[in-house]
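An overview of the molecular structure
If you want the building blocks of each chain, they are given just below.
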Amino acid sequence: MDVITTHLNADFDALASMIAAKKLYPEAHLVFPGSQERNLREFFLKSSLISFPFERIRDIDLTAIKRLILVDINIKGRLGPFDEVADRKSVELHIYDHHPRTEQDYRGTIDIVEPVGATTTILVELLRKKRKKITPEEATIMALGIYEDTGSLTFASTTARDFDAVSYLLKRGAHLEIIPTFISRDMDTRQVQLLHDLLTSLKINNIHGIPVATASASTDEYVGELALLVHKMMDMENLNALIVMVRMEERIILVARSRLPELDVSRIAEEFGGGGHQTAASASIRELTLIQVQERLMTLLNQMVGERVNAGSIMSSPVMEILESDPIEAAAEMMTRFNINSIPVMSEAHRLTGIITRGVVERAIQHGLAHSPLKEYMLTGFSTVSRTSSLEKVREYIIEKRQRMLPVIEGNTVLGVITRTDLLEAMHDDSRRTQSFEETSEEGDTPEGRVRNLSELVREILDARTTRILKMAGKVADESGDKAYFVGGLVRDLILRQKNLDVDLVVEGDAIEFARKLSRRLKARIRVHRKFQTAVIILPDGFKLDVASARAEYYSSPGEYPMVERGSIKLDLYRRDFTVNALAVKLNPESFGQVVDHFNGLKDLKERTIRILHNLSFVDDPTRIIRAVRFEQKFEFRIGKHTEYLMKGAIKKGYLRQAQGPRVLNEIMIILRGDNPIRAFDRMEELGILTSLHPTLAFTSKIRSIFQQVEKINSWFGLLFLDEEPDVGQIYFNALMMMKAVEEREQILELFHLNEHQKMTYREKWEKVSSTMKELARTDDKKPSWIAGLLGGVEVEDLLTIMSLTKREDTVKAISVFLSRLRFIKREVGGKELREMGYSSGPVYRDIMQALQDARVDGVVNSLSEEREWVIANFPLEN
């Protein structure tokens, strides 16, 4: 016997999942393990939608069950009488659930547990994949399940997959107008009284600096929808974490909600025999009194909620250091190079002996003391803290005692430093995370805290393998005493919910040693670049991970390649091009998913704005000018006013012409390979970027028209549905250059500093395009075999370039016929067949096969037998 069941106090997600599972297991019996929630009981009484053969558990022979299908549940102890069945080794378990894994979970032969908003979503996807028919009534119940468990698609646990599932159910006839009738949030008198009691008992507990609200009440009768009351309390009192305990009849009901990354309420619920998500969980407790539950809860909170911040969590490391014997001018150079205001000063024995500040350095140089050793003028009376020192202790030293830099030490080793900026950011983060999510900033926007946890987005958007690799990287870093992050475009695109397969890891430590350890865990090979302290991990299937040590960089002159030195994650992010790319996500297990945002990248992502990190950014690397336009157009952002002002200044001064030519060309080619190069070129023309490179690169209306033709031709080629993707960027570039005189082309090639081989490749390509166009225009009567012979040796990109440039319809027709049909026609007779027919091998084979290929292309012959006859007739054998 097969049985489909769910958890005690079944809700709409449980009901909908059972009905969906019934379509996958049509012979299975539908059986609830016990009672249902009030809304569900009312649904059974009032609705005409239910016509499924649900059976009572007392009518089921539990000993006859051979397969148990569990939906919306995978934790032991919540199946009622079915727990005993699930524990039997002879019973096959199939599990479908969306709740996070715990150590108390059942494991099934089929075990599908995925992080979505509702279990119904998982089963709808399976039904869709298996093309199972869903009636409008079934679709409505399934939509009910998703809507209830996702708060009408508004809860934080809601995913894009839940939206897709609802969309699919709507197409199958789901009646959304029915849903509010059964998930109505109106309260009855008992719920109003219970809410009043809970609000009266509400207490805010300070757990290591984190406010966690608790409330408790007692009632002699069962009151449903406790989760509804918890949501109302959080809204009414602006709470970010709330745990409610209510004695009802003979048990304690615990409901917990959290919006804080430091508090995973599922762990709390598990300790009481319940379960749930990081943000929402519950438990039903029978063997403890309310007072015992309260006491146990406080113990658990103190154990499970970590201290929010300490010196180790906010310090910058590794540390930029200088020797006390170095001259003051050396400190001035380091401060300018890396944009820092204070430097720890070390003895020859590598002991911390002082701190030198920018103010002291500047005044010393003014007094002609640039060559004096630092030890004569450094600050020697200073405080230090340990890694575990509290934020309050750090604040005392930096603000009250006015110490600009606070070293974090362990023994005689300087682990890191904390600056005023670090402290202000930490205090700002701390205050933001205790505010309500509904509180608005001065501009009226919802706060975007600097530290935000993306662990749920990682699980939702990245594939399982990439997520596993990131978590493994965090563990390896932990074991090595390092800090690891993934950085840059992957973080940005994760927040924007866009696909990105480029994984860049940064380690505050030795990247090469880290990469070796990680590659061994992944059974991958490694390629090392010791000069730059970087490595590439290459998995067996070719998937690559770039690993680098956190580093700082400086530029000796505009447009040159940067000089690199080891630094902290903050300095590493500071060298990035734009704030939206200067984001990192922590990988170490204790802080996995936390965003590191020193430069307001999250705010700029929210405001859809491209901003540079400092005023010399375009001077350091002028190619960022083109990149700013690329990102603006790709993401439909806007370039910030000040950033655009600095861009125009750098363009006017001609810094782009001083940049490394191949890097400029690479940025242009990336734009040409993008989704809308015309819009990007319009913007570059507006800003004067193209003409600053070369006057003839102006994006005129004539060139714009050619680009539109390239876009049209490329779309046509895509509709052929061939298994090849031409380099569309090369087509745009070819078309652009073919519009120039030969002398202008040479000047542009020089501008990009290409080597002679690269120049010759382009010259030959453009000559081929030009000669082929002329040849196609010269002949009016174009036999298929002539077209195939002429175009057979021309690359697809060059042929599409010709189609974009020509004004002759017969040329376009000839190339289109060749690309779509002629090039795929192949003769069947080869050397083997010619030998069988009696022909002696020799030069004649080539003549026969070429002539036969032409005949096949021209439609003179259409089969193997016709080819044989044609050969005999046109190349008779000698007697």
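Quick look at the structure, then. (Residues numbered from 1 in each chain as written. Predicted model: local features only at pLDDT ≥ 70, side-chain atom pairs only at ≥ 80, totals over all residues. Heavy atoms only, no water.)

**Focus on the overall build of the protein**
Short version of the rule: Secondary structure elements are defined from DSSP: runs of H or I of at least 4 residues count as helices, runs of E of at least 2 residues count as strands, and each element is numbered from the N terminus. Only protein chains enter the accessibility calculation, which uses a 1.4 Å probe; a residue whose area is less than 20% of its type maximum is buried, one above 50% is exposed, and one in between is partly exposed. The contact rule is simple, with two residues in contact once any of their heavy atoms fall within 4.5 Å. With residues, only the protein chains shown are counted as cover, and all accessible areas are computed by Shrake-Rupley using a 1.4 Å probe. We count Lys and Arg on the positive side and Asp and Glu on the negative side, and we leave His and both chain ends out. Charge positions are represented by NZ for Lys, CZ for Arg, CG for Asp and CD for Glu.
Secondary structure summary: the protein contains 39 helices and 28 strands in total. In terms of overall dimensions, the protein has C-alpha extents of about 110 × 95 × 50 Å along its principal axes. For the protein, buried positions account for 52% of its 879 residues. Counting only contacts in the protein whose residues sit at least 6 apart along the sequence, the fraction spanning at least 24 positions is 65%. In the structure as shown, the protein presents an accessible area of about 41,400 Å², 48% of it carried by carbon and sulfur atoms. The distance from the centre of the 120 positive side-chain charges to the centre of the 129 negative ones in the protein is 2 Å.

**Examining the sheet that holds strand E14 (residues 342–346)**
Note the following rule: Paired strands, as defined in this entry, are two strands with at least two bridges between them according to DSSP. Fitted lines through C-alpha atoms serve as axes, helices being fitted only where they are in contact, and the angles separating the N-to-C directions of these axes extend from 0 to 180 degrees.
Strand order across the open sheet formed by 3 strands is E13-E14-E15, with mixed pairing between neighbours. Because the sheet does not close on itself, it has two edges, and the strands there are strand E13 (322–323) and strand E15 (352–357). Both E13 and E14 contribute to a ladder of 2 bridges, which runs parallel. Its bridge partner being in E14, Leu323 is matched across the sheet by Met346. Where helix H13 (residues 328–338) meets the sheet, it contacts E13, E14 and E15, and its direction lies at approximately 135° from that of E14.

**Focus on the side chain of Arg624**
Note the following rule: Here a polar contact means two N or O atoms within 3.5 Å. Within protein one must be a hydrogen donor candidate and the other an acceptor candidate, and residues neighboring in sequence count only if both atoms are side-chain atoms.
Inspection of the secondary structure puts Arg624 in helix H24 (residues 623–635). Relative accessible area serves as the criterion here: at 4%, Arg624 is assigned to the buried category. Engagement of the side chain of Arg624 in a polar contact is seen with the side chain of Ser617, the distance being 2.8 Å.

**Description of the nonpolar core**
Keep this limit in mind: Within this scheme, the nonpolar core is defined by two criteria: the residues are buried Ala, Val, Leu, Ile, Met, Phe, Trp, Tyr or Cys, and they are joined through side-chain atoms within 4.5 Å.
Counting 114 residues, the largest nonpolar core has Phe486, Leu505, Phe514 and Ile689 as the members making the most contacts within it. Not counting chain neighbours up to four residues away, the residues in contact with Phe486 comprise Val458, Leu470, Val491, Leu494, Asp504, Leu505, Leu583, Ala584, Val585 and Leu587. Core analysis: the second largest hydrophobic core is formed by 40 residues, Ile19, Ala21, Tyr96 and Val166 among them.

**Here's the deal with the environment of Val817**
Its location among the elements puts Val817 in helix H36 (residues 809–820). Note on Val817: relative accessible area 25%, which makes it partly exposed. Measuring from C-alpha to C-alpha, the distance between Val817 and Gly640 comes to 48 Å, with 177 residues separating the pair along the chain.

**Notes on the environment of Phe721**
Topologically, Phe721 is positioned in the loop between helix H30 (701–718) and helix H31 (728–738). Expressed as a C-alpha distance, the spacing of Phe721 and Ser820, which sit 99 residues apart in the sequence, is 9.8 Å.

**Some thoughts on the environment of Ala21**
Locating Ala21 in the fold gives a position in helix H1 (residues 12–24). Residue class for Ala21 comes out buried when judged on its relative accessible area of 0%. Sequence separation between Ala21 and Arg521 is 500 residues, and the spatial gap between their C-alpha atoms is 38 Å. For Ala21, the residues in contact, after removing those within four places along its chain, are Ile4, Ile69 and Val71.

**A word on the packing of aromatic side chains**
The condition that has to hold: The criterion for an aromatic pair is that two Phe, Tyr or Trp rings (for Trp, the six-membered ring) have centres within 6.5 Å, with stacked assigned to planes under 30 degrees apart, edge-to-face to planes over 60 apart and tilted to the rest.
For the structure shown, the criterion picks out 15 aromatic pairs. Here the aromatic rings of Phe733 and Tyr762 are separated by 5.5 Å at their centres, their planes lie at 65°, and the arrangement is edge-to-face. Pair noted here: Phe733 is in helix H31 and Tyr762 is in helix H33 (residues 756–778), with a separation of 29 residues, a long-range link. With relative accessibility at 2%, the residue Phe733 sits in the buried group. Its relative accessible area of 14% is what places Tyr762 among the buried residues. With a centroid separation of 6.3 Å and 50° between ring planes, the pair formed by Phe733 and Trp766 is classed as tilted. Pair noted here: Phe733 is in helix H31 and Trp766 is in helix H33, with a separation of 33 residues, a long-range link.

**What to know about helix H27 (residues 661–672)**
Formally: One fewer than the residue count of a helix, multiplied by 1.5 Å, yields its expected span.
Between its first and last C-alpha, H27 extends 17 Å over 12 residues, near the 16 Å set by a 1.5 Å rise per residue. By the burial criterion, the buried members of H27 are Gly661, Val664, Leu665, Glu667, Ile668, Met669, Ile671 and Leu672.

**Structural notes on the pairing of strand E10 (residues 251–258)**
Buried residues dominate E10, accounting for 8 of its 8 residues. On E10, burial covers both faces: Arg251, Ile253, Val255 and Arg257 on one face and Ile252, Leu254, Ala256 and Ser258 on the other are all buried. Sheet analysis places strand E9 (residues 241–248) next to E10, joined by 8 bridges and oriented antiparallel. Paired with Val246 across the strands is Ile253, a residue of E10. Connecting E9 to the antiparallel partner E10 that follows it, the hairpin turn spans 2 residues, and Glu249 within it adopts a positive phi of roughly 55°.

**Side note on the side chain of Glu324**
Put simply, the test is: Any carboxyl oxygen of Asp or Glu that lies within 4 Å of a side-chain nitrogen of Lys or Arg is treated as forming a salt bridge with it.
Position of Glu324 relative to the elements: it lies in the loop between E13 and H13. In this structure, Glu324 is buried with no salt-bridge partner, the nearest side chain bearing the opposite charge being Lys375 at 5.2 Å. For Glu324, the side chain forms a polar contact with the side chain of Thr353, separated by 3.0 Å. Leave out the neighbours within four places in its chain, and Glu324 touches Val345, Met346, Ser347, Thr353, Pro373, Leu374, Lys375 and Met378.

**Here we look at unusual backbone geometry**
Positioned with a positive phi, His350 is a non-glycine residue whose angle comes to about 60°. Residue placement: His350 occurs in the loop between E14 and E15. Assessed through its relative accessible area of 45%, His350 is described here as partly exposed. Positive phi, close to 60°, is recorded for Arg497, a residue that is not glycine. In this fold, Arg497 is placed in the loop between helix H19 (489–495) and strand E19 (503–508).

**Digging into the pattern of salt bridges**
Counting across every chain of the model gives 50 salt bridges. Two residues, Glu271 and Arg296, come together in a salt bridge whose shortest N-O distance is 3.1 Å. Residue Glu271 is found in helix H10 (residues 265–271), and its partner Arg296 is found in helix H11 (residues 290–304); the two are separated by 25 residues along the sequence. Among the residues examined, Arg296 registers a relative accessible area of 32% and is labelled partly exposed. Sharing partners across several salt bridges, the network here consists of Asp577, Asp621, Arg624, Arg627, Arg630, Arg663 and Glu667.

**Considering the packing of H27 against helix H28 (residues 677–687)**
Put simply, the rule reads: Roughly parallel means an angle under 35 degrees; roughly antiparallel, over 145; roughly perpendicular, 65 to 115; everything else is oblique. Any residue that is not Ala, Val, Leu, Ile, Met, Phe, Trp, Tyr, Cys, Pro, Asp, Glu, Lys or Arg is counted as polar, Gly included; the first ten are nonpolar and the last four charged.
Here H27 crosses H28 at 135°, and the two axes come no closer than 8 Å. Between H27 and H28, the interaxial angle falls into the category oblique. Listed contacts from H28 to Ile668, Ile671 and Leu672 of H27 are Pro677, Ala680, Phe681 and Met684. The residue makeup of the contact of H27 with H28, split by class, is 7 nonpolar, no polar and no charged.

Keep in mind these numbers describe shape, not what the thing actually does.
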